[in-house]
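Chain by chain, the residues:
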Amino acid sequence: WNNDFRKLLCGLPGVETSWALMYNFGVRTGRIELTDLVRLMAVNPAAVYGISNRKGSLAPGMDADFVVFDPEHEWTVRAAGLHMGCDYSPYEGLTLKGSVRTVVKSGSVMVRDGAFVSGTPGGRFLQRNSPGYK
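This structure is a prediction, so every number in the text was calculated from the model and none was measured. For every chain, the first residue of its written sequence is number 1, and the numbers climb from 1 along that sequence. Only residues with pLDDT of 70 or above have their local features reported here, since the model is predicted, and side-chain atom pairs are shown and tallied only from 80 upward, although totals for entire chains, interfaces and linings are computed over all residues. Excluding hydrogens and water, the side-chain figures rest on all heavy atoms present in the structure.

Visitor: Looking at this model, I keep getting lost on the sheet that holds strand β1 (residues 66-76). Mind explaining?
Guide: Adjacent strands of a sheet form backbone hydrogen bonds with each other and so pair up, either parallel or antiparallel. When DSSP finds two or more bridges between two strands, those strands count as paired. Strands are runs of DSSP state E lasting at least 2 residues, helices are runs of H or I lasting at least 4, and numbering of each runs from the N terminus. Spatially, β1-β2-β3-β4 is the arrangement adopted by the four strands of the open sheet, whose pairing is antiparallel. In this open sheet, the two edge strands, each paired with only one partner strand, are β1 and β4 (115-116). When checking whether two residues touch, look at their non-hydrogen atoms; a contact exists if any pair is within 4.5 Å. Every axis in this analysis is a line fitted to C-alpha atoms, fitted for helices over the stretch in contact. Angles between the N-to-C directions lie between 0 and 180 degrees. Here helix α1 (residues 18-27) sits on the sheet in contact with β1 and β2 (95-105), set at roughly 135° to β2.

Visitor: Help me out: how do you make sense of the nonpolar core in this one?
Guide: As a rule of thumb, soluble globular proteins bury nonpolar side chains together. Core analysis: the biggest nonpolar cluster contains seven residues, these being A20, L21, W75, V77, L82, M84 and L96. With near-sequence residues (within four places) excluded, L96 lies in contact with A20, L21, N24, F25, H73, E74, W75 and V77. Among buried residues, those of type Ala, Val, Leu, Ile, Met, Phe, Trp, Tyr and Cys that are joined through side-chain atoms within 4.5 Å constitute a nonpolar core. Note on classification: 1.4 Å probe, protein chains only; a residue is buried when its accessible area is under 20% of the maximum for its type, exposed when over 50%, partly exposed between these limits. Within the second largest apolar cluster, six residues are counted, among which are Y23, V27, I32 and F69.

Visitor: Can you walk me through the environment of A79 in this structure?
Guide: Here A79 is to be found in the loop between β1 and β2. Distance from A79 to G93, taken between C-alpha atoms, is 9.0 Å for residues 14 residues apart in sequence. Those residues in contact with A79, other than ones at most four positions away along the chain, are D87, Y88, S89 and E92.

Visitor: Explain unusual backbone geometry to me, please; I cannot follow it from the model alone.
Guide: Both trends apply: most residues other than glycine have a negative phi, and most peptide bonds are in trans. The backbone of S106 sits at a positive phi, close to 55°, despite the residue not being glycine. Relative to the helices and strands, S106 is located in the loop between β2 and β3 (108-112). Exposure remark for S106: the relative accessible area of 48% places this residue in the partly exposed category. The phi dihedral of D113 falls on the positive side, at around 50°, and the residue is not glycine. Its relative accessible area of 56% is what places D113 among the exposed residues.

Structural data, given as structure tokens:
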């Protein structure tokens, strides 16, 4: 950042750990139900971004994008073991129970047992609609 605060990155890295954190501190503590986790992490973001006609639920005609979450897998957050383009995690050293084990994008397995197995992540532009909330 070279002594210019305007060049500092904003926010914290955490997309990769978000499901496990929400599961541990939401579902496992009884603060939210498992169905709330899915609503908060998939259904509502799709609605907020106006793409709920293609994303956010498993239904006919929707994109085949989903994760398989193992609620029993115990692991410790280590930045070196994450796939984000960042060299630190604010959750470094935190032991969590539950993790995303498989990621499927457009019907193709991208991550299996926590490791990339497919080529480039990629993606495609989706035209947004007006946001809607559930």
